[in-house]
Amino acid sequence: MTEPTNNLFLKALRGESVSRPPVWMMRQAGRYLPEFMEIKKKYDFFTRCRTPELASEITVQPIRRYGMDAAILFSDILVVPQAMNIEVEMKTGVGPWLPNPIRNANDLENVIVPDINETLGYVMDAISMTKEKLNNEIPLIGFAGSPWTLLCYCVQGQGSKNFDKAKELCFTQPEVAHALLQKITDTTILYLKEKVKAGVNAVQLFDSWGGMLSPTDYQTFSWQYMQQIIDALKDDTYVIAFGKGCWFALDTMASSGAAALGVDWTCAPETARKLTGGNITLQGNFDPTRLFSPPREIKKMVTEMIDAFGKDRYIVNLGHGILPNIPIENAGAFVEAVKNYTVAT
Ligand code: CP3
């Protein structure tokens, strides 16, 4: 397969010089889009994930509207625990809900490393269908949650402000925590390898709750498993590692073999460059709530952000997912500002 016509995103991942940096937004396929809400009215969350026609349609919706430089497959990080025999529901008003959380060695016995095509074949079908719709015009990103972030949900049983039950398991029954993390890691490696075979051009690991851990505990309970995944995938595809609140680990991440590192908005571009040695591609880091600012201000801030990161070895993105209540024209201003970017002389 030849590279997509628009290969800005892949060029940035390789560290090649570009006329302007590529742009996409975390959670770009989502609830701020009226066309997404139309589909959401008719089908529940996991039906949308499991039906390739729906998942591929939702994936291309933001591309049709804004023309980002990469698409990210509509799915969820929680389809992995589901495939591992852990029940996951998406409850309105609550979010992710796991009725039988993992709290001890006994619970862990039922958790399996599944056959990927048997349990997650629908994701591969969604990838093939999306690739057809994209017509090789832009790259497609596949993703997975980090083992630590998935453990947070599997143990806590739902979202949380501090994931206290997840951390309690790590600190009182570390052998159970590590066994669960290893099972998730093994499954994730198999899963991402299948996604690459199915046609994704890059993969992103979301460590959304890595910042809950101290720098030392981060290495023990999160990073060593992320590193295993990167080691297993880096020769097959580009890996982007995103850790929210994990600026303290950026130096370790920079020498991991990841092609790019995600940065959240609490770390200044100059600091992120300094911490990572200046040679690795960085992705981020616009404060998602800054998309509430008027479009003119958004455009000015985006231009300044690109100047601060530099146009090369850089992928414009938010510092975390777009919020459901962002006006659609403000999201448009974000993408447009990047497309109109020219280097200041
Ligand atoms: O980025 C994209 O456009 C691709 C789609 C995507 C979704 N979830 C769709 C989704 C991606 C990349 C994810 C990843 C994901 N899921 C993460 C990691 C990224 C992050 O934001 O930190 C996490 C922690 C989850 C777990 C999860 N799924 C949560 C916390 C929620 C929100 C629950 C709520 O009610 O607010 C979901 C649901 C979800 N996943 C939605 C979407 C569009 C919204 C609910 C819906 O569509 O019905």
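Now for a description of the structure that goes with this document. Each chain has its residues counted from 1, running along the sequence as written. Only residues with pLDDT of 70 or above have their local features reported here, since the model is predicted, and side-chain atom pairs are shown and tallied only from 80 upward, although totals for entire chains, interfaces and linings are computed over all residues. To get the side-chain values, all heavy atoms of the structure are used, and hydrogens and water are removed first.

**Concerning the overall build of the chain**
Broken down by element type, the chain carries 15 helices and nine strands. Atoms considered for the radius of gyration are the C-alpha atoms alone. The globule rule reads 2.2 Å times the number of residues to the power 0.38. Relative to its length of 345 residues, the chain is compact, with a C-alpha radius of gyration of 19 Å against a globular reference of 20 Å. Along the longest, intermediate and shortest principal axes, the C-alpha atoms of the chain span 65 × 45 × 40 Å. The rule is simple: take the accessible area with a 1.4 Å probe, protein chains only, and divide by the maximum for that residue type; under 20% is buried, over 50% is exposed, in between is partly exposed. Counting across all 345 residues of the chain, residues that qualify as buried make up 56%. Of the contacts made within the chain by residues no fewer than 6 positions apart, 74% connect residues no fewer than 24 positions apart. All accessibility values rest on the Shrake-Rupley procedure with a 1.4 Å probe; residue burial counts only the protein chains present in the view. By element, 50% of the accessible surface of the chain is carried by carbon and sulfur atoms, the whole surface being about 13,900 Å². Neither His nor the chain ends contribute to the count of charged residues, in which Lys and Arg are positive and Asp and Glu negative. Where a charge lies is defined by one atom per residue type: Lys uses NZ, Arg uses CZ, Asp uses CG and Glu uses CD. Of the side-chain charges in the chain, 34 are positive and 38 negative, and the distance between the mean point of each set is 6 Å. Numbering of helices and strands runs from the N terminus, with a helix taken as a DSSP run of H or I at least four residues long and a strand as a DSSP run of E at least two residues long. The contact rule is simple, with two residues in contact once any of their heavy atoms fall within 4.5 Å.

**What to know about the pattern of salt bridges**
In the sections that follow, a salt bridge refers to a side-chain nitrogen of Lys or Arg positioned within 4 Å of a carboxyl oxygen of Asp or Glu. What the rule picks out here adds up to 12 salt bridges. Arg-14 is paired through a salt bridge with Glu-16; the nearest N and O atoms lie 2.7 Å apart. Its relative accessible area of 32% is what places Glu-16 among the partly exposed residues. For Lys-300, the salt bridge identified is with Glu-304, shortest N-O distance 3.2 Å. With Lys-300 and Glu-304 both in helix H14 (residues 295-309), this residue pair falls four residues apart, about one helical turn. Accessibility expressed as a relative area gives 53% for Lys-300, which makes it exposed. Linked by salt bridges that have partners in common, Glu-3, Arg-14 and Glu-16 make up one network.

**Digging into the state of the cysteines**
To count as a disulfide, a pair of cysteine sulfur atoms needs to be within 2.5 Å. Tallied over the full model, the rule gives zero disulfides. Not part of a disulfide, Cys-49 finds its nearest cysteine sulfur in Cys-154, a span of 16 Å. In this model Cys-154 remains outside any disulfide bridge; the closest cysteine sulfur is found in Cys-152, 9.3 Å from its own.

**As for helix H13 (residues 269-276)**
For an α-helix, the turn length of 3.6 residues means that residues three or four places apart are oriented alike. Pro-269, Ala-272, Arg-273 and Thr-276 are the residues of H13 that are buried. When H13 is viewed along its axis, its buried side chains cluster within an angular range of 100 degrees and face the same direction. At the C-terminal side of H13, Gly-277 shows a positive phi close to 85 degrees. Directions pointing from the helix axis toward each C-beta atom define the arc.

**Considering the sheet that holds strand S4 (residues 140-145)**
As summarised here, the arrangement of the seven strands in space is S1-S4-S5-S6-S7-S8-S9, forming an open sheet in which the pairing is parallel. Every interior strand has two partners, whereas the edge strands, strand S1 (71-72) and strand S9 (314-318), have only one. If DSSP finds at least two bridges between two strands, the strands pair.

**Quick notes on the nonpolar core**
Note on terminology: a nonpolar core comprises buried Ala, Val, Leu, Ile, Met, Phe, Trp, Tyr and Cys residues joined through side-chain atoms within 4.5 Å. Phe-9, Met-25, Leu-151 and Phe-334 are the most contacted members of the largest nonpolar core, which totals 124 residues. Considering each element in turn, this core owes the most residues, nine residues, to helix H10 (residues 174-198). Not counting chain neighbours up to four residues away, the residues in contact with Phe-334 comprise Val-23, Trp-24, Met-25, Phe-286, Leu-291, Ile-298, Val-302, Met-305, Val-316, Asn-317 and Leu-318.

**Side note on the site of the ligand**
Whether a residue is near a molecule or strand is decided by its heavy atoms; if any one of them lies within 4 Å of it, the residue is near. Around the ligand there are 24 residues in total, and Arg-27, Arg-48, Asp-76, Ser-208 and His-320 lie nearest to it. Residue Arg-48 places a side-chain N or O atom 2.8 Å away from an oxygen atom belonging to the ligand. Polar contacts, as counted here, are pairs of nitrogen or oxygen atoms within 3.5 Å of one another; within protein the pair requires one atom able to donate a hydrogen and one able to accept it, and residues that are adjacent in sequence qualify only if both atoms are side-chain atoms. For the ligand, an oxygen atom lies 2.4 Å from a polar atom in the side chain of Ser-208. Here the ligand has 880 Å² of accessible area as a free molecule, and 88% of this is covered by the chains. Think of a 1 Å grid over the protein atoms and nothing else: a 1.4 Å probe that fits but is trapped marks a cavity, an open set flanked by protein within 12 Å on at least five of seven lines marks a pocket, and residues with an atom within 4 Å of a point count as lining. To decide whether a molecule occupies a pocket or cavity, check its atoms: if more than half lie within 2 Å of the grid points, it is inside. For the ligand, the cavity whose grid points lie within 2 Å of the majority of its atoms is the largest pocket. Among the elements of the structure, helix H2 (34-42), helix H3 (45-50) and strand S3 (95-97) are those that each provide at least two residues to the shell around the ligand. Looking at the shell around the ligand residue by residue, the classes come out as 14 nonpolar, five polar and five charged. Each residue gets one label: Ala, Val, Leu, Ile, Met, Phe, Trp, Tyr, Cys and Pro are nonpolar, Asp, Glu, Lys and Arg are charged, and the others, such as Gly, are polar.

**Some words on empty space enclosed by the protein**
It is the rolling of a water-molecule-sized probe over the atoms that shows where space remains empty. Grid points are joined across faces, edges and corners, and a volume is the space filled by probe spheres set on the points. Under the definition given, this model contains one cavity of 30 Å³ or more. By volume, the largest cavity amounts to about 40 Å³. In this structure, the largest cavity is lined by Gly-243, Cys-246, Trp-247, Leu-250, Met-253, Gly-262, Val-263, Asp-264 and Cys-267. Class assignment for the residues of the lining of the largest cavity results in six nonpolar, two polar and one charged.

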